There are 2 protein chains.
Amino acid sequence: MEKKPWPRPTEAELEILQVLWARGASTVREVNEVLNANREVGYTTTLKLMQIMVEKGLAARDTSTRTHVYTAAVTEQDTQRQLLDKFVDTTFRGAAMKMVMQALGNHQASESELDEIKALIEQLESGQQSGGSGTEA
Amino acid sequence: MEKKPWPRPTEAELEILQVLWARGASTVREVNEVLNANREVGYTTTLKLMQIMVEKGLAARDTSTRTHVYTAAVTEQDTQRQLLDKFVDTTFRGAAMKMVMQALGNHQASESELDEIKALIEQLESGQQSGGSGTEA
DNA sequence: AATTAAATACGAAACTTTTCGTAAAAAATT
DNA sequence: AATTTTTTACGAAAAGTTTCGTATTTAATT
């Protein structure tokens, strides 16, 4: 059972996905209002983008009512993972851990967050059965 | 002394920066050959991009010899930091540590890398004077 | 029922990024 | 010296993304 990967969302599409993830099922008007909290966006602009997103498989819509209701068709996690992979590749030439170090150094982290990360590392180290040596190609 | 920030490199420009960082001073032909190892790119395409990069301040060139020699005008670290900040904002809504966790989970890490990260975290925790509680806005 | 309001559909303009054709200049080769 | 090769310069086509104007449809209001 092959699953065709949906395309990477563009920046504007990602903004809309953020709204759909945060709010759940929403109308174009609702999404547009959230976007307009940050910057001015025309209603039909948002509408068009959301229609495109349906075509691409990034969003789904319920057309049973007059005012269509949209939902994200991709999860936040999957999207973040896909974008992260791409980003690590292009910007850090695949060196994910180098990026992790940069992020730790440049961004504010709370004690609890750091603890969480430490816990994750412990878990990774204990469950590490093979291929753990050296940096990958 | 204000320093005007150079613009974010586009994807194609970033590819070229990677080559310049890896190889150091290079001619258009050299860069183009490296790029062509991955995908077919016309010579004048690469030339044009590199010229644009000079205009933008991303690269510098020595025109004293007939065959111009280009170098990166921005460091890899600064560029990575800038792109990382933007990426965290747009894709993880600023939640850098959430991204760190994803990266740790999704990518292969060696023992030594994990140790390095742990050491960095220890260091961060010891040097943490304020603002450490809760997640940021 | 006529008018106003709200929503979708469609297409194209505007803008950004990438790609390349063609010309001109300079160097190397024959 | 003529020819071929290499390189840069320039401009514009091609492709991708974002924005919005206008028309149409459907619902709500008067």
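About the criteria used
- Residues numbered from 1 in each chain as written.
- Chains lettered and ligands numbered in written order.
- Predicted model: local features only at pLDDT ≥ 70, side-chain atom pairs only at ≥ 80, totals over all residues.
- Heavy atoms only, no water.
- UniProt positions renumbered as here; feature names shortened; annotations may be inferred.
- Helix = DSSP H or I, 4+ residues; strand = E, 2+ residues; numbered from the N terminus.
- Contact = heavy atoms within 4.5 Å.
- Areas by Shrake-Rupley, 256 points an atom, 1.4 Å probe, with all protein chains shown as cover.
- Phe/Tyr/Trp six-rings, centres within 6.5 Å; stacked < 30°, edge-to-face > 60°.
- Buried area = accessible area lost by both parts, 1.4 Å probe.
- Salt bridge = Lys/Arg side-chain N within 4 Å of Asp/Glu carboxyl O.
- Polar contact = N/O pair within 3.5 Å; in protein donor to acceptor, adjacent residues only side chain to side chain.
- Nonpolar A, V, L, I, M, F, W, Y, C, P; charged D, E, K, R; others polar.
- Least-squares fit on C-alpha atoms with pLDDT ≥ 70 in both.
- Near = heavy atom within 4 Å.
- 1 Å grid on protein atoms, 1.4 Å probe; cavity = no way out; pocket = protein on both sides within 12 Å on 5 of 7 lines; lining within 4 Å.
- Points joined across faces, edges and corners; volume = space filled by probe spheres on them.

As annotated in an unreviewed UniProt entry, chain A carries the name BlaI/MecI/CopY family transcriptional regulator and comes from Phaeodactylibacter luteus. Database annotation for chain A, UniProt heading Sequence similarities (unreviewed entry): "Belongs to the BlaI transcriptional regulatory family."

### Section: the overall build of chain A
Helices and strands together make up the secondary structure of chain A, namely six helices and two strands. For chain A, the sequential pattern of α-helices and β-strands runs α-α-α-β-β-α-α-α. Within chain A, contacts between residues at least 6 apart in sequence are counted, and of these 47% link residues at least 24 apart. With an accessible surface of roughly 8000 Å², chain A has 48% of that area assigned to carbon and sulfur atoms.

### Looking at the packing of aromatic side chains
A complete count under the given rule lists three aromatic pairs over all chains for this structure. Taking the centre distance of 4.2 Å and the plane angle of 0° together, the rings of F87(A) and F87(B) count as stacked. On the criterion of chain membership, the pair formed by F87(A) in helix α4 (residues 76–92) and F87(B) in helix α4 (residues 76–92) is interchain, its members lying in two chains. Aromatic rings pair up to connect F87(A), F92(A), F87(B) and F92(B) into one cluster.

### Topic: the interface of chain B and chain A
Often the size quoted for an interface is simply the accessible area lost on bringing the parts together. On the side of chain A, 54 residues touch chain B, which itself brings 53 residues to the contact. Both sides together, the interface formed by chain B and chain A hides about 5300 Å², and carbon and sulfur atoms give 60% of it. It is Q80(B), R93(B) and M97(B) that lose the most area in chain B upon contact with chain A, and together they represent 12% of the buried surface on that side. The tally of links from chain B across to chain A stands at six salt bridges. Note that R93(B) is salt-bridged to E76(A), the shortest N-O span being 3.2 Å. Counting every contact that joins chain B to chain A gives 14 residue pairs in polar contact (both at pLDDT 80 or more). When residues in the side of chain B that touches chain A are grouped by element, the largest group, 13 residues, is from α4(B). Of the residues contributing to the side of chain B that touches chain A, the split by class is 21 nonpolar, 17 polar and 15 charged.

### Considering the relation of the copies chain B and chain A
Expressed as a screw transformation, the operator carrying chain B onto chain A has a rotation angle of 179° and an axial translation of 0.0 Å, and the superposed copies differ by an RMSD of 0.2 Å. Taken together, the rotation and translation relating the two chain copies correspond to the operation of a two-fold axis. For chain B, the residue whose C-alpha comes nearest the rotation axis is V100(B), separated from it by 2.8 Å. Taken together, the interface assignments show that 100% of the residues at the interface of chain B recur at the interface of chain A, consistent with an identical surface on both copies.

### Thoughts on the protein's contact with DNA strand C
As a structural note, the neighbourhood of DNA strand C is formed by 20 residues, with R29(A), Y43(A), R66(A), T10(B) and R66(B) the closest of them. Taking all atoms of DNA strand C within 4 Å of the protein, the share assigned to sugar and phosphate is 64%. K48(A) is positioned with one of its side-chain polar atoms (N or O) 3.3 Å from a base nitrogen of DNA strand C. Note that a phosphate oxygen of DNA strand C is positioned 3.1 Å from one of the backbone N or O atoms of A12(B). Contributing elements (two or more residues each) for the surface near DNA strand C: α2 (28–38) and α3 (43–56) of chain A together with α1 (11–23) and α3 (43–56) of chain B. Sorting elements by how many residues they give to the surface near DNA strand C places α3(A) first, with five residues. Partitioned by chemical class, the residues of the surface near DNA strand C number four nonpolar, eight polar and eight charged.

### So, the layout of surface pockets
Picture a little ball the size of a water molecule; that probe, rolled over the atoms, points out where space is still empty. Computed from the structure, the largest pocket encloses a volume of approximately 540 Å³. Lining the largest pocket are 20 residues, and of these R8(A), E11(A), F87(A), E11(B) and F87(B) sit closest to its centre. Of all elements in the fold, only α1 (11–23) and α4 of chain A together with α1 and α4 of chain B reach the threshold of two or more residues within the lining of the largest pocket. When the residues that make up the lining of the largest pocket are grouped by side-chain class, the tally is eight nonpolar, six polar and six charged.

### Considerations on the protein's contact with DNA strand D
Residues in contact with DNA strand D amount to 20 residues; listed here are only the nearest, T10(A), R29(B), Y43(B), R66(B) and H68(B). In DNA strand D, atoms within 4 Å of the protein come from the sugar-phosphate backbone in 65% of cases. At a separation of 3.1 Å, a phosphate oxygen of DNA strand D approaches a polar side-chain atom of T45(A). One of the side-chain nitrogen or oxygen atoms of R66(A) is found 3.2 Å away from a base oxygen of DNA strand D.

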